[in-house]
Amino acid sequence: MGATMSAHCEEEHKVEEEVPAVEETAEASEEAEEEEEQKPEIKVETAPQDVRFPSCNQSRHCFTRYNEFHKCAAEKGEDAEDCKFYQRAYRSLCPGDWVSKWNEEREAGTFAGRY
């Protein structure tokens, strides 16, 4: 008797879900489209392939791009468009810990690179 009683109680307590009207879903989709249109386009890319570094290990590529950026920055200034390429490249290739360490070494004058 207990099992039939609980099944009967569950049936009584079921709440019917209301199906949203077509107008409400159309408004919601229009709002979603407006939000998508307002978001700025973000372009994610990494450094292009460099034939000097054909292997999967990109450590040397990272170090070279870091040095090329600082050489360019010394010659043309950090804000030069040419230098921005190298900066984006080393930032996408190099681990943040390496860059921090190299920056500290450059400040201390003990960096192994030329620039």
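Because the structure is a prediction, the values reported are computed rather than measured.

Colleague: Give a detailed account of the confidence of the model for the protein, specifying residues and quantitative values.
Modeller: This prediction gives the protein a mean pLDDT of 75; 67% of its residues lie at or above 70. Taking the mean pLDDT of every element in the protein, the minimum, 46, falls on helix H1 (residues 2-12) and the maximum, 93, on helix H5 (residues 96-108). Predicted confidence for residues 3-17 stays below pLDDT 50, and this span has 0 contacts to residues more than four positions away or in other chains.

Colleague: Can you explain the state of the cysteines? Please cite residues and give values.
Modeller: Scanning the model with the defined rule gives 2 disulfides in all. The side chain of Cys-62 participates in a disulfide bridge whose partner is Cys-94; the two sulfur atoms lie 1.9 Å from each other. Given an S-S torsion of about 120°, the disulfide between Cys-62 and Cys-94 has right-handed geometry. Taken together, the positions of Cys-62 in helix H3 (residues 59-76) and Cys-94 in the loop between helix H4 (81-93) and H5 put the pair 32 residues apart, joining distant regions of the chain.

Colleague: Could you give an account of the environment of Asp-82, with specific residues and numbers?
Modeller: Along the chain, Asp-82 turns up in helix H4. On the basis of relative accessible area, Asp-82 is assigned to the partly exposed category, the value being 44%. For the pair formed by Asp-82 and Cys-72, sequence separation is 10 residues and the distance between their alpha carbons is 7.5 Å. Within the structure, the side chain of Asp-82 is placed 2.6 Å from the side chain of Lys-76, a separation counted as a polar contact.

The rules behind these values
- As a convention, each chain's residues are numbered from 1 in the sequence order in which they are written.
- Residue-level local features of this predicted model are given only where pLDDT is at least 70; pairs of side-chain atoms are given and counted only at 80 or more, and the full residue set underlies all totals for whole chains, interfaces and linings.
- Where side-chain values are given, they derive from all heavy atoms of the structure, hydrogens and water being excluded.
- As a per-residue quantity, pLDDT reports the predictor's confidence and falls between 0 and 100.
- Strands here mean DSSP runs of E at least two residues long; helices mean DSSP runs of H or I at least four residues long; both are numbered from the N terminus.
- Contact definition: two residues touch when any of their heavy atoms are within 4.5 Å.
- The rule for a disulfide is simple: a pair of cysteine sulfur atoms within 2.5 Å.
- Residue burial is assigned from relative accessible area. The probe radius is 1.4 Å, only protein chains are included, and a residue is buried under 20% of its type maximum, exposed over 50%, and partly exposed in between.
- Pairing of N or O atoms within 3.5 Å defines a polar contact, subject to two protein rules: one partner must be a possible hydrogen donor and the other a possible acceptor, and residues neighboring in sequence count only if both atoms are side-chain atoms.

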